[in-house]
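Coordinate analysis (summary)
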Amino acid sequence: MDYAAFNTNVTVDDFDSVLAYAQQSAWQTPDPSSPSFNASATPWWMGTYHKTDVIGASVSFNFTGPAIFIYGHSGPSYGSYEIQIDSISSNLSAYASNNASGPTLLYGASNLTYADHTLTLRNLGATGRDQGGDTLLFDYLLSTIQLAPSNATASNTTYEEDNPALTYSGTWNSNKSPNFSGGGSSYTNEDKASVSFSFHGSAVYVFGDKKNDHGLYSVVLDNKTAEVYSGISGCGGAFGATCEQMKPTLEYLASNLDDSLHTLTIENIAGVNNSYFDLDSIVVTVPSAYGPRQFDDSASGTPFITSSAWTPSPSNATKNNAAMGLSPSWDAFIFLFMILVYSQSWK
């Protein structure tokens, strides 16, 4: 990690669409749209989590950056889990004699090469060394990204769904509510309906809704290969207007961008169910100076700069962003930003 650069942690919640669950039905979650749901009454980030007793159940995340930190839970009912980053795997245990009082750091690595990585968290259940059970709980992760070179500053600009800088194609409708970022969102269930946006910035974040009547959508940045994500609710279940995450989720993230004009295009893949896609807002990070990093040489075949990752015990791990060499003021801003942008919504 370049500790002199302008780094920040991006929080990725367990419901966010940038995560891919191999089998959503293998996980149990709270229902954020339930009348009894109260996020502030739980210790979990955004009040949700993904919990499983299924051996082999997994969740994956593609990211670009030098560090990743995964939070879940530990206690007597938890067993082992596998962390795989690219081709390198580590087996750890979340077992503890007593339940932790809140989210526990399950894994951390701050010595990754600056490159594109794929992280997979997989439940292994009780193994020979575990005294616990087969349970694994995933709450959220932090991905460290670089926004600007050393001595630079950066600020966020929010583009609401009705900003004239956004170009819509196909049939879109709007929701109006003070609970959305800016008071509204745009949605469509037309196949191939799209929205495009051109910008200058070092990072871009897309936020939207998540519900069981949502489906797949593709994102293309600067004519690169399309990336496909799922907007289906984290609760799983049959197609329908159920289990809505009332707070907009992170639908797309890109960083380490240069100072050229970038174009982002999002297209709905409606399928046979005529599934929906919702856009709440797009946030762009604009630095005072650009300095995109060159990717590290991966000829060694390992994602790590040094021989091993930092893997603290779940029983004594703590979240300390300052100790990781991050910018404390910006990191606090990102957390506040995520709280503000995750406002209650519905269609």
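Keep in mind the model is a prediction, meaning the values are calculated, not measured.

All right, on to the state of the cysteines then. All told, the structure shown has one disulfide when counted by the stated rule. For C235, the disulfide goes to C243, at an S-S distance of 1.8 Å.

We now examine a nonpolar patch on the surface. Among the surface-exposed residues, L216, V228 and I269 lie close enough to one another that they form a single nonpolar patch of about 230 Å² accessible area. Structurally, L216 can be placed in strand β17 (residues 216–221).

Bringing the pattern of salt bridges into the picture now. Inspection of the entire model under this criterion finds three salt bridges. The partner of K176 in a salt bridge is E161, and the shortest N-O contact between them spans 3.6 Å. Highlighted residues: K176 in strand β13 (residues 173–176) and E161 in the loop between β11 (154–160) and β12 (166–169), separated in sequence by 15 residues. Residue classification places E161 among the buried residues on the basis of a relative accessible area of 3%. E244 is the salt-bridge partner of K211, the closest N and O atoms lying 3.8 Å from each other. Residue K211 is found in the loop between β16 (203–210) and β17, and its partner E244 is found in the loop between β18 (227–230) and β19 (245–254); the two are separated by 33 residues along the sequence. Residue K211 is classed as buried on the basis of its relative accessible area, which comes to 7%.

Right, let's talk about the sheet that holds β13 for a bit. Spatial ordering of the open sheet is given by β13-β14-β21, a layout of three strands whose pairing is antiparallel. Unpaired on one side and paired on the other, β13 and β21 (277–279) mark the two borders of the sheet. Strand-to-strand twist across the sheet, computed as the mean angle between neighbouring axes with direction ignored, equals 30 degrees.

Let's shift gears to the packing of aromatic side chains. Each pair of aromatic rings is reported with the distance of its centres and the angle of its planes. Scanning the model with the defined rule gives 14 aromatic pairs in all. Ring centres of F61 and F63 lie 5.8 Å apart, and the angle between their planes is 5 degrees; on these two criteria the pair is classed as stacked. Geometrically, the ring pair formed by Y229 and Y252 is edge-to-face, given 6.1 Å between the ring centres and 80 degrees between the ring planes. Residue Y229 is located in strand β18, and its partner Y252 is located in strand β19; the two are separated by 23 residues in the primary sequence. For Y252, a relative accessible area of 3% gives the class buried. Chaining the aromatic ring pairs together yields one cluster made of Y168, W172, Y217, Y229, Y252 and F277.

Attention now moves to the side chain of S143. Relative to the assigned elements, S143 resides in strand β10 (residues 136–148). Dropping the residues within four chain positions of it, S143 is found in contact with T8, N9, V10, F61, F63, A67 and I68.

A positive phi angle, close to 65 degrees, is found at N223, a residue other than glycine. Tracing the chain through its elements places N223 in the loop between β17 and β18. Given a relative accessible area of 78%, N223 falls into the exposed group. At N256, a position not held by glycine, the phi torsion is positive, near 60 degrees. Topologically, N256 is positioned in the loop between β19 and β20 (262–269).

Another point: the sheet that holds β19. Strand-to-strand pairing in sheets goes through backbone hydrogen bonds, with the strands running parallel or antiparallel. Taken in spatial order, the four strands of this open sheet run β11-β22-β16-β19, and their pairing is antiparallel. The strands lining the two open edges of the sheet, one partner per strand, are β11 and β19. The sheet shows a mean angle of 25 degrees between the axes of neighbouring strands, taken without regard to direction. The sheet contact formed by β11 and strand β22 (residues 281–287) spans seven bridges and is antiparallel.

Looking at the element boundaries, A4 is found in the segment before β1 (6–13). Looking at A4, the relative accessible area reads 51%, which means it is exposed. Placed 145 residues apart in sequence, A4 and P149 show a C-alpha to C-alpha distance of 7.5 Å. The residues contacting A4, other than those within four sequence positions of it, are S150 and N151.

Conventions adopted
- Residues numbered from 1 in each chain as written.
- Predicted model: local features only at pLDDT ≥ 70, side-chain atom pairs only at ≥ 80, totals over all residues.
- Heavy atoms only, no water.
- Disulfide = S-S within 2.5 Å.
- Patch = residues over 30% accessible without salt bridge, like charges linked within 9 Å, V, L, I, M, F, W, Y side chains within 5 Å.
- Areas by Shrake-Rupley, 256 points an atom, 1.4 Å probe, with all protein chains shown as cover.
- Salt bridge = Lys/Arg side-chain N within 4 Å of Asp/Glu carboxyl O.
- Helix = DSSP H or I, 4+ residues; strand = E, 2+ residues; numbered from the N terminus.
- Buried < 20%, exposed > 50% of the residue type's maximum accessible area, 1.4 Å probe, protein only.
- Pairing = 2+ DSSP bridges.
- Axes fitted to C-alpha atoms, helices over the stretch in contact; angles between N-to-C directions.
- Phe/Tyr/Trp six-rings, centres within 6.5 Å; stacked < 30°, edge-to-face > 60°.
- Contact = heavy atoms within 4.5 Å.

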